[in-house]
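Structural overview for review
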Amino acid sequence: MAGLKRRVPMHRLRYFISMVGLFSKSGLLPWLADVVTPLWRLSYEEQLKPVINGYRNKSTFSVNRGPDGNPKTVGYYLGTWRDGNIVCVRSNNLKNIPEKHSQVAQYYEVFLRQSPLEPCLVFHEGGYWRELIVRTNSQGHTMAIITFHPQKLSQEELHVQKETVKEFFIRGPGAACDLTSLYFQESTMTRCSHQQSPYQLLFGEPYIFEELLSLKIRISPDAFFQINTAGAEMLYRTVGELTGVNSDTILLDICCGTGVIGLSLAQHTSQVLGIELVEQAVEDARWTAAFNGITNSEFHTGPAEKILPGLLKSKEDGQSVVAVVNPARAGLHYKVIQAIRNCRAIRTLVFVSCKLHGESTRNIIELCCPPDSAKKLLGEPFVLQQAVPVDLFPHTPHCELVLLFTR
């Protein structure tokens, strides 16, 4: 219901201001209405509809053979590798992909088909051009990231390719995409972090920004941010309500990404401590804290299993600690579970899972099982109190599940 409360008064405001003529063609401030109440042109019923189409703010497009056999097709896979029937199809008919993302993918395909270099379909078979990532925000800004396998190209030859793709998106046909920024990453592995192979800004702004929960958030090309912005706001509000934090609470935000959960609750806590593996995301979190005037937060870079035990040693003095964990699909490292379980100060834990089966199931069992000295799980077990599903992925069978544990 929290998501609706903000919008209910909008139709009343629309009615009132229209009565005094501000929204008429001759009105003085129609632009102000678009900024302050952007939904005023919609009926009240339309204002309340959830966004279920084109909601993704990040899309990753593969390059492979299409239905016609052309290896320079940009899109998503159908079929399975096991059955050997993989085919790459364009995203135009996928309901969760925004038109802007499909447009950039379409023009990347145009670029590939006029490039003399072949795509990299299988690493050991050669080829160069690889996947495309597109990120957008609610203001309509667009960041594109092109991944490229350098093979044995010289630096001069790499420079030529970077200049060619840059020119295509600035002055060539790709200019229609109106990119805010274009990044290029040389990668010889399936996935490379910024530390392993830096993202090279070919043109435009280095970051993309988003407004969420009254915060202005900076997002780097490598940083994790929930792919459904409107859904993320509902997710984080749910997490905030379940934490029950107050001015005496230390909030521990584990796997914090750009730090949004912790920073959105900072005003209600004594301190926010964030841990995140991706260095760029931590830099974003620190920037967001500084820009929004938040002074009671600190963020640590590195594996949670290495940082958390030391961070918790000083939290055994009776001060209340609430932990929020938002791990990737692989779940939490067992040393993180040990540290949480064995820290007596943590009485409340909120676990956000995007894939409850598999490793997350193991995590939950270890959080709730009786003390086990063999596994070094010595602290009092947690008890599951509440489970709240949040649908961040319309048109798919997936959802986020928010679990509240106490002890």
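Everything here concerns the structure above.
All of the points below concern the structure found in this document. (Residues numbered from 1 in each chain as written. Predicted model: local features only at pLDDT ≥ 70, side-chain atom pairs only at ≥ 80, totals over all residues. Heavy atoms only, no water.)

Thoughts on the sheet that holds strand β1 (residues 58-64)
Note the threshold: For two strands to pair, DSSP has to find at least two bridges joining them. Working definition: helices are DSSP H or I runs of at least four residues, strands are E runs of at least two. Numbering for both runs from the N terminus. Geometry is summarised by axes, namely lines fitted to C-alpha atoms with helices restricted to the contacting stretch, and by angles between N-to-C directions that run from 0 to 180 degrees. Working rule for contacts: check all heavy atoms of both residues, and any pair within 4.5 Å makes them a contact.
The seven strands are arranged β3-β2-β1-β4-β5-β6-β7 in an open sheet whose pairing can be described as mixed. Single-partner strands in this sheet number two, and they are β3 (87-89) and β7 (200-204). Neighbour to neighbour, the strand axes of the sheet diverge by 35 degrees on average, direction disregarded. For strand β4 (residues 129-136) and strand β5 (residues 142-148), the ladder comprises six bridges, and the chain directions are antiparallel. Paired with isoleucine 133 across the two strands is isoleucine 145, which belongs to β5. Each of β1, β2 (73-78), β4 and β5 touches helix α5 (residues 99-114); the most contacted strand, β4, lies at about 155 degrees to it. Along the sheet face, helix α6 (residues 155-170) touches β4, β5, β6 (181-186) and β7 and points at about 30 degrees away from the line of β7.

So, the nonpolar core
Convention followed: Residues grouped as a nonpolar core are buried Ala, Val, Leu, Ile, Met, Phe, Trp, Tyr and Cys residues, joined through side-chain atoms within 4.5 Å. Accessible area is worked out with a 1.4 Å probe on protein chains only. A residue is then buried under 20% of its type maximum, exposed over 50%, and partly exposed in between.
Core analysis: the biggest nonpolar cluster contains 44 residues, and Leu212 and Tyr236 have the highest contact counts within it. It is helix α7 (residues 229-243) that contributes the most residues to this core, five residues altogether. Core analysis: the next-biggest nonpolar cluster, separate from the first, contains 31 residues, Leu273, Ile275, Ala323 and Phe382 among them.

What to know about the pairing of strand β13 (residues 321-325)
The following threshold applies: With its strands directed away from the observer, a crossover is right-handed exactly when the path from the first strand over the helix to the second travels clockwise.
Among the five residues of β13, five are classified as buried, and the element is accordingly described as predominantly covered. Taking every second residue as pointing to the same face, both faces of β13 are buried, with Val321, Ala323 and Val325 on one and Val322 and Val324 on the other. Both β13 and strand β14 (residues 346-353) contribute to a ladder of five bridges, which runs parallel. Paired with valine 321 across the strands is isoleucine 346, a residue of β14. For the crossover from β13 across helix α11 (residues 334-342) to β14, the handedness is right-handed.

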